[in-house]
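Commentary on secondary and tertiary structure
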Amino acid sequence: MVTSSVLFPRVESLSSSGINCIPKEYIRPQEELNNIGNVFEEVEKDGGPQVPTIDLMEIESEDKTVQDKCREELVRAAKDWGVMHLVNHGIPSDLIDRVRKAGEAFFDLPIEEKEKHANDQASGNVQGYGSKLANNASGQLEWEDYFFHLIFPEDKRDLSVWPKTPSDYTKVTSEYARLLRSLATKILSVLSLGLGLEEGRLEKEVGGMEELLLQMKINYYPRCPQPELALGVEAHTDISALTFILHNMVPGLQLFYEGKWVTAKCVPNSIVMHIGDTVEILSNGKYKSILHRGLVNKEKVRISWAVFCEPPKEKIILKPLTELVTEAEPPLFPPRTFSQHLQHKLFRKTQDSLVPRKAD
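The protein chain appears in an unreviewed UniProt entry as Fe2OG dioxygenase domain-containing protein from Salix suchowensis. Here is the UniProt Sequence similarities (unreviewed entry) comment for the protein chain, exactly as written: "Belongs to the iron/ascorbate-dependent oxidoreductase family."

Encoded structure:
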């Protein structure tokens with residue numbers, strides 16, 4: 001995130017300047033360069049593991065056999081992969097199109113206009129338009145700009161930082177947030193039952209309707225003249241409970257599965273869902289928070305809309321649920337607040353992105 005586009009040029013500015021070589025701050029370490037491929041070639045590869053697609057059409061079916069099958073598939077994907085494409089998720093496709101168009105319209109504005117919404121990390125104002133500042137000794141940067149803001153609960157929003165252009169931005173984003181919050185409840189219910197818990201247990205543990213925060217980050221990955229040297233976002237696991245992602249049908253998401261990077265295909269009318277560290281911790285590792293990263297390319301701008309469902313920072317102690325801890329299965333994670341877990345991840349010394357970064 002940046003406080004000044006003079007000191008730290010937006011990635012979009014670099015991309016549109018006509019440079020042929022990217023600045024050294026964006027070049028990944030050699031051990032990462034060995035496995036960064038052409039995303040359009042990677043996504044066409046058949047064979048090998050594929051991110052599962054889960055059809056939610058029957059998640060609340062009156063036929064218990066049909067309902068159970070749907071729920072079992074979701075639970076299996078959460079345990080095996082920790083990421084999945086959700087289809088028939090109940091959010092209208094025309095609303096999703098409007099959310100995409102609203103975000104694209106903001107990023108189509110001149111940079112000077114977007115700068116009016118710039119965040120200021122130094123003063124703790126993380127909401128708004130920004131770019132990643134290096135947060136490690138190597139000075140590593142990522143090939144993306146973004147817009148970040150809290151979108152739910154509605155009484156916790158700061159609409160003063162939201163884009164005014166396009167004019168329907170607030171309306172469509174708010175409607176999407178409400179429907180996504182309902183979807184999160186459905187998913188958390190199924191995941192609770194999959195652990196042998198009461199249906200509402202996981203939702204209660206992450207803050208419930210009043211406290212669970214939905215934070216949207218629109219990621220804008222400009223064309224990159226040397227995509228084989230850069231990453232849009234470095235390898236990481238999400239700290240959230242759940243993350244829901246829309247994209248503009250340009251591939252880029254890669255998952256570290258069974259020791260190899262797997263490129264997610266673009267599934268029409270789907271929402272990508274990640275299990276985050278928070279649910280991995282509560283489940284004592286039964287559900288997976290998978291390591292993932294974002295590739296960039298020369299030909300097409302990629303945009304994704306990630307909504308992180310996060311517990312309150314200080315109110316809740318995250319630790320494996322008592323019912324899931326036994327002598328044979330001791331707790332895999334120490335008790336921490338969400339804030340402490342975030343700090344632990346930000347400041348730990350190991351920076352090797354090829355080693356799976358778990359919620360340790």
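1. Digging into the sheet that holds strand 11 (residues 292-294)
Taken together, four strands build an open sheet; the order of strands is 6-11-8-9 and the sheet is antiparallel. The open sheet has two edge strands, strand 6 (233-236) and strand 9 (260-263), and neither has a second partner. Put simply, the sheet's adjacent strands are angled 20 degrees from each other on average, direction ignored. In this sheet, strand 11 lies alongside strand 6 in antiparallel orientation, the contact comprising two bridges. Within strand 11, the position partnered with histidine 236 by the bridge is histidine 292.

2. Notes on the UniProt feature "domain: Fe2OG dioxygenase" (unreviewed entry) in the protein chain
Per the UniProt record, "domain: Fe2OG dioxygenase" (unreviewed entry) is found at residues 212-311. Spanning residues 212-311, this segment combines 6% helix with 45% strand, and its end C-alpha atoms are found 5 Å apart.

3. What to know about the side chain of glutamine 140
Take glutamine 140: it is sitting in the loop between strand 3 (128-131) and strand 4 (145-152). Reaching out from glutamine 140, the side chain makes a polar contact with the backbone oxygen of isoleucine 27 at a distance of 2.5 Å.

4. Topic: the confidence of the model for the protein chain
Per-residue confidence for the protein chain averages 92 on the pLDDT scale, and 92% of its residues sit at or above 70. Predicted confidence for residues 349-360 stays below pLDDT 50, and this span has 35 contacts to residues more than four positions away or in other chains.

5. With respect to the nonpolar core
Of all hydrophobic cores here, the largest spans 68 residues; its most connected members are Tyr176, Ile187, Leu242 and Phe244. Among the elements that take part in this core, helix 7 (residues 169-194) stands out by supplying eleven residues, more than any other. Other than its neighbours up to four places away in sequence, tyrosine 176 contacts Ile91, Leu95, Ile96, Val99, Met216, Leu246, Ile271 and Val307. Membership of the second largest hydrophobic core comes to 17 residues, among which are Leu14, Leu141, Trp143 and Tyr221.

6. Re helix 5 (residues 93-108)
Side chains of residues three or four places apart in an α-helix project in the same direction, reflecting 3.6 residues per turn. Over its 16 residues, helix 5 runs 22 Å from end to end, which matches the ideal 22 Å to within 8%, given 1.5 Å per residue. Buried within helix 5 we find Leu95, Ile96, Val99, Arg100, Ala102, Gly103, Phe106 and Phe107. For helix 5, the angular spread of buried residues about the axis comes to 160 degrees, placing them on one side. Residues of helix 5 that are exposed and angled more than 90 degrees away from the buried face: Lys101 and Asp108.

7. Side note on the packing of helix 5 against helix 7
Packing of helix 5 against helix 7 leaves a shortest axis separation of 9 Å and a crossing angle of 135 degrees. Considering their axes alone, helix 5 and helix 7 lie oblique with respect to each other. The way helix 5 lies across helix 7 gives a crossing that is left-handed. In contact with Leu95, Ile96, Arg98, Val99, Ala102 and Gly103 of helix 5, helix 7 contributes Tyr169, Lys171, Val172, Glu175, Tyr176 and Leu179. The class makeup of the residues in the contact of helix 5 with helix 7 is eight nonpolar, one polar and three charged.

8. Some details on the packing of aromatic side chains
Inspection of the entire model under this criterion finds nine aromatic pairs. Judged by centre distance (5.2 Å) and plane angle (85 degrees), the rings of phenylalanine 106 and phenylalanine 107 are edge-to-face. No difference in accessibility class separates phenylalanine 106 from phenylalanine 107, as the two residues are buried. An angle of 90 degrees between the planes, with centres 6.1 Å apart, marks the rings of tryptophan 162 and tyrosine 169 as edge-to-face. What makes tyrosine 169 buried here is its relative accessible area of 1%.

9. Some details on the environment of arginine 302
Residue position: arginine 302 is located in strand 12 (residues 302-310). Take arginine 302: its relative accessible area is 7%, and that puts it in the buried class. A sequence separation of 53 residues divides arginine 302 from methionine 249, and the C-alpha atoms of the two residues are 7.9 Å apart. Residues in contact with arginine 302, not counting those within four places in the same chain, are Asn219, Tyr220, Tyr221, His247, Asn248, Val250, Pro251, Gly252 and Leu253.

Calculation rules
- Residues numbered from 1 in each chain as written.
- Predicted model: local features only at pLDDT ≥ 70, side-chain atom pairs only at ≥ 80, totals over all residues.
- Heavy atoms only, no water.
- UniProt positions renumbered as here; feature names shortened; annotations may be inferred.
- Pairing = 2+ DSSP bridges.
- Helix = DSSP H or I, 4+ residues; strand = E, 2+ residues; numbered from the N terminus.
- Axes fitted to C-alpha atoms, helices over the stretch in contact; angles between N-to-C directions.
- Polar contact = N/O pair within 3.5 Å; in protein donor to acceptor, adjacent residues only side chain to side chain.
- pLDDT = per-residue confidence, 0-100.
- Contact = heavy atoms within 4.5 Å.
- Core = buried A, V, L, I, M, F, W, Y, C linked by side-chain atoms within 4.5 Å.
- Buried < 20%, exposed > 50% of the residue type's maximum accessible area, 1.4 Å probe, protein only.
- Expected span 1.5 Å × (residues − 1).
- Arc of directions from axis to C-beta.
- Parallel < 35°, antiparallel > 145°, perpendicular 65-115°, else oblique.
- Left-handed = near helix turned anticlockwise from the far one by under 90°.
- Nonpolar A, V, L, I, M, F, W, Y, C, P; charged D, E, K, R; others polar.
- Phe/Tyr/Trp six-rings, centres within 6.5 Å; stacked < 30°, edge-to-face > 60°.

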